[in-house]
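# Notes for the structure review
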Amino acid sequence: MSLVLRHRPEKIGLKLDENGWADVQELISKMRINFKELEYVVENNDKKRFSFNDDKTKIRANQGHSLKNVDLELKNIQPPNFLFHGTVGKFISAIKDTGLLKMNRQHVHLSKDRETAIKVGSRRGKAIILSVRAGEMYKKGFEFYCSENGVWLTDHVPSEYIDFRNFKNKIK
Ligand code: HQG
């Protein structure tokens, strides 16, 4: 479901609207599942990646899209003073140069606690946790969004707002 609702809906001939919504009946028939199974995934998915609309006729991914033309209608809101980003050592020198970039996704993804950031970083190897001075960025006019499932999103985190301090001994 992540593949078709975030990245490649065309793989099963699915259409998403401009806000990333797919028609539930269309998804069910194209994925060959039933409504109960879909409801189970939405309710029990470990990261609450998907949401229905109010009457459960539409479904979309809450964040993580690589599709460029999906507008999730996120509102700019004040983030906590510090947010965290889990990554791995091989990216650190590039992140020092350019800051955190969205790479293939629509946003840079930030976590509200270190534990979540460790999980995110560990997908790629030994996690390194960067702390981001999000409150200061917000005061300077950077926009922040919080997805339906509690992931903090922004467009770019310049290096000057990232604390690399704890990790300097690990960086070659
Ligand atoms: C790195 C998963 C070089 C960045 C997770 C990351 C998250 C840079 C990778 C969500 C860089 C991008 C997002 C720069 C950033 N130079 N590397 N300037 N700036 N990077 O997967 O944050 O399971 O697009 O550190 O749990 O790892 O999909 O982003 O390692 O919530 O729901 O480039 O995806 O959630 O990787 O993960 P990603 P992410 P889901």
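Before reading on, note that the structure itself is shown above.
What this report covers is the structure whose coordinates are included nearby. Everything numeric here is computed off the predicted structure, so don't read it as measured data.

Conventions we followed
- Here the residue numbering is sequential within each chain, running from 1 through the sequence in written order.
- Whole-chain, interface and lining totals are the exception, using all residues; otherwise, since this is a predicted model, local features are given only for residues with pLDDT of at least 70 and side-chain atom pairs are given and counted only at 80 or more.
- Calculated side-chain values reflect all of the structure's heavy atoms, with hydrogen atoms and water omitted.
- Working definition: residue near molecule or strand if any one of its non-hydrogen atoms lies within 4 Å of it.
- Pairing of N or O atoms within 3.5 Å defines a polar contact, subject to two protein rules: one partner must be a possible hydrogen donor and the other a possible acceptor, and residues neighboring in sequence count only if both atoms are side-chain atoms.
- Under the scheme used here, helices are H or I runs from DSSP no shorter than 4 residues and strands are E runs no shorter than 2 residues, and both carry numbers assigned from the N terminus.
- Residues are grouped as follows: Ala, Val, Leu, Ile, Met, Phe, Trp, Tyr, Cys and Pro are nonpolar; Asp, Glu, Lys and Arg are charged; every other residue, Gly included, is polar.
- Summary of the burial criterion: residues with accessible area below 20% of their type's maximum are buried, those above 50% are exposed, and those between are partly exposed, where the area comes from a 1.4 Å probe applied to protein chains only.
- Paired strands are those between which DSSP finds at least two bridges.
- Pairs of residues are marked as contacts when any of their non-hydrogen atoms sit within 4.5 Å.

## Observations regarding the site of the ligand
Taken together, the neighbourhood of the ligand is formed by 18 residues, with Arg-6, Lys-47, His-85, Thr-87 and Arg-124 sitting nearest. Lys-47 places a polar side-chain atom, nitrogen or oxygen, 2.3 Å from an oxygen atom of the ligand. For the shell around the ligand, the secondary-structure elements that each account for two or more residues are strand E4 (82-88) and helix H4 (92-98). Among the elements that make up the shell around the ligand, the one with the highest residue count is H4 (three residues). Tallied by class, the residues present in the shell around the ligand amount to seven nonpolar, five polar and six charged.

## Thoughts on the pairing of strand E6 (residues 127-133)
Taken across its seven residues, E6 has five buried, putting it largely inside the fold. One ladder, built from two bridges, connects E6 with strand E9 (residues 162-163); its direction is antiparallel. Bridging from a neighbouring strand, Ser-131 pairs with Asp-163 of E9.

## A word on the side chain of Ser-147
You can see Ser-147 is positioned in the loop between strand E7 (145-146) and strand E8 (152-154). A relative accessible area of 4% places Ser-147 in the buried class. Residue contacts for Ser-147: discarding those within four places in its chain leaves Asn-62, Gln-63, Leu-74 and Leu-153.

## Re unusual backbone geometry
Despite not being glycine, Lys-48 shows a phi value in the positive range, around 50°. Positionally, Lys-48 belongs in the loop between helix H3 (35-44) and strand E2 (50-52). The exposure class of Lys-48 is partly exposed, given its relative accessible area of 43%. Its identity as a non-glycine residue notwithstanding, Glu-73 has a phi of 55°, on the positive side. Residue placement: Glu-73 occurs in the loop between strand E3 (58-61) and E4. Given the relative accessible area of 45%, Glu-73 is considered partly exposed.

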